[in-house]
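Coordinate inspection notes
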Amino acid sequence: MSLNESQENSLYELVRRRRSVRRYTGDKVPDDTVREILKIALLAPSSWGRHPVEFVILRDRETIEAVARCKRMGAGPLPMADVAIVVMADTADCELWIEDAAIASTYILLAAEEFGVGACWIHMRNRQGQRKSADEEIRQILGVPDNFSVLNVVALGQKGEKKSARTEKDLVWQNVHAGHYGQKGDFIGKE
Ligand SMILES: Cc1cc2nc3c(=O)[nH]c(=O)nc-3n(C[C@H](O)[C@H](O)[C@H](O)COP(=O)(O)O)c2cc1C
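**A closer look at the environment of Ala-81**
By the element assignment, Ala-81 lies in the loop between α3 (61-69) and β2 (83-90). Sequence spacing of Ala-81 and Gly-179 is 98 residues, and the spatial spacing of their C-alpha atoms is 44 Å. The residues contacting Ala-81, other than those within four sequence positions of it, are Tyr-24, Arg-61, Ile-64, Ala-155 and Leu-156.

Structure representation (structure tokens):
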């Protein structure tokens, strides 16, 4: 399919608008909006369709701050978030849990943008906590069973900063190869 002039690639428009938002106004993200975002995350594809990814939704300031402290360095905007979505997966029965959790997280980021909510991926896997790993400390606080691992926490909040949308200039066409590594194709290079 090629687009004629009156058509808009609305997914591209959404994707180019999505940016990591790390400042929030403090206004509430309505529960209904969080629910709509989760509906999209729950439809993310998963390996063998097993849906090993689970989410813990945090709205309580103390708990959000406690989870933020589980990452020794760089939890950045998390303590200021209105909502935190802890993304984890059952690793016992799912070799590809990281991929599954990353896709679900990406869906959350895109869904947040669709509803005008600011979002930022705060990474937790392989990050140090205060005494143990960030993953272990978060699971302890939230009572998550040992067979789970936490990939990240997605911070959500009403946007407190403006970021410009990506443009055609941001497309790294050099990363695309046609048929053979290093070869350019006709569909490439319209920058
Ligand atoms: C796997 C991954 C881990 C990330 N970890 C963090 C993080 O721990 N803290 C943070 O503030 N942003 C984090 N980010 C957000 C990136 O820094 C951000 O996506 C990147 O700089 C591009 O900016 P943009 O999202 O505005 O396009 C992460 C993003 C990804 C995909």
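Now that the structure has been shown, we can carry on.
**Let's talk about the site of the ligand**
By nearness alone, every residue bordering the ligand is listed as Arg-18, Arg-19, Ser-20, Arg-22, Lys-71, Cys-120, Trp-121, Ile-122, His-123 and Arg-166. In the model, an oxygen atom of the ligand is placed 3.0 Å from a nitrogen or oxygen of the Arg-18 side chain. Trp-121 places a main-chain nitrogen or oxygen 3.2 Å from a nitrogen atom of the ligand. About the coverage of the ligand: the protein hides 60% of its 620 Å² of free accessible area.

**What to know about empty space enclosed by the protein**
Summary: where empty space remains is shown by rolling a probe the size of a single water molecule over the atoms. Across all of its chains, the model carries 1 cavity of 30 Å³ or more by this definition. Every residue lining the largest cavity is listed: Arg-18, Arg-19, Val-21, Leu-109, Ala-112, Glu-113, Val-117, Gly-118, Ala-119 and Lys-159. When contributions to the lining of the largest cavity are tallied by element, the ones reaching two or more residues are α4 (97-114) and β3 (117-123).

**A few points about the packing of α3 against helix α5 (residues 134-142)**
Contact pair α3 / α5: the axes reach a minimum separation of 9 Å and the direction vectors enclose 155°. Classed by the angle they form, the pair α3 and α5 counts as roughly antiparallel. When you trace α3 past α5, the crossing you get is right-handed. Between α3 and α5, the contacting residues are Thr-63, Ala-66 and Val-67 on the first element and Ile-138, Ile-141 and Leu-142 on the second.

**Points about unusual backbone geometry**
At His-51, a position not held by glycine, the phi torsion is positive, near 50°. Summarising the element assignment, His-51 is placed in the loop between α2 (31-41) and β1 (53-58). In this structure, Asn-126 is a non-glycine residue whose phi angle is positive, near 65°. Within the secondary structure, Asn-126 sits in the loop between β3 and α5. Residue classification places Asn-126 among the exposed residues on the basis of a relative accessible area of 62%.

**Topic: the pairing of β3**
Side chains on a regular strand alternate between the two faces of the sheet. For β3, the buried fraction is high: 5 of the 7 residues fall into the buried class. Sheet topology note: the β3/strand β4 (residues 148-158) ladder contains 7 bridges and is antiparallel. In the sheet register, Ile-122 faces β4, and the bridge partner there is Val-153.

What counts as what
Residues numbered from 1 in each chain as written. Predicted model: local features only at pLDDT ≥ 70, side-chain atom pairs only at ≥ 80, totals over all residues. Heavy atoms only, no water. Helix = DSSP H or I, 4+ residues; strand = E, 2+ residues; numbered from the N terminus. Contact = heavy atoms within 4.5 Å. Near = heavy atom within 4 Å. Polar contact = N/O pair within 3.5 Å; in protein donor to acceptor, adjacent residues only side chain to side chain. Areas by Shrake-Rupley, 256 points an atom, 1.4 Å probe, with all protein chains shown as cover. 1 Å grid on protein atoms, 1.4 Å probe; cavity = no way out; pocket = protein on both sides within 12 Å on 5 of 7 lines; lining within 4 Å. Points joined across faces, edges and corners; volume = space filled by probe spheres on them. Axes fitted to C-alpha atoms, helices over the stretch in contact; angles between N-to-C directions. Parallel < 35°, antiparallel > 145°, perpendicular 65-115°, else oblique. Left-handed = near helix turned anticlockwise from the far one by under 90°. Buried < 20%, exposed > 50% of the residue type's maximum accessible area, 1.4 Å probe, protein only. Pairing = 2+ DSSP bridges.

Take it as geometry only, folks, not as evidence of what the structure does.
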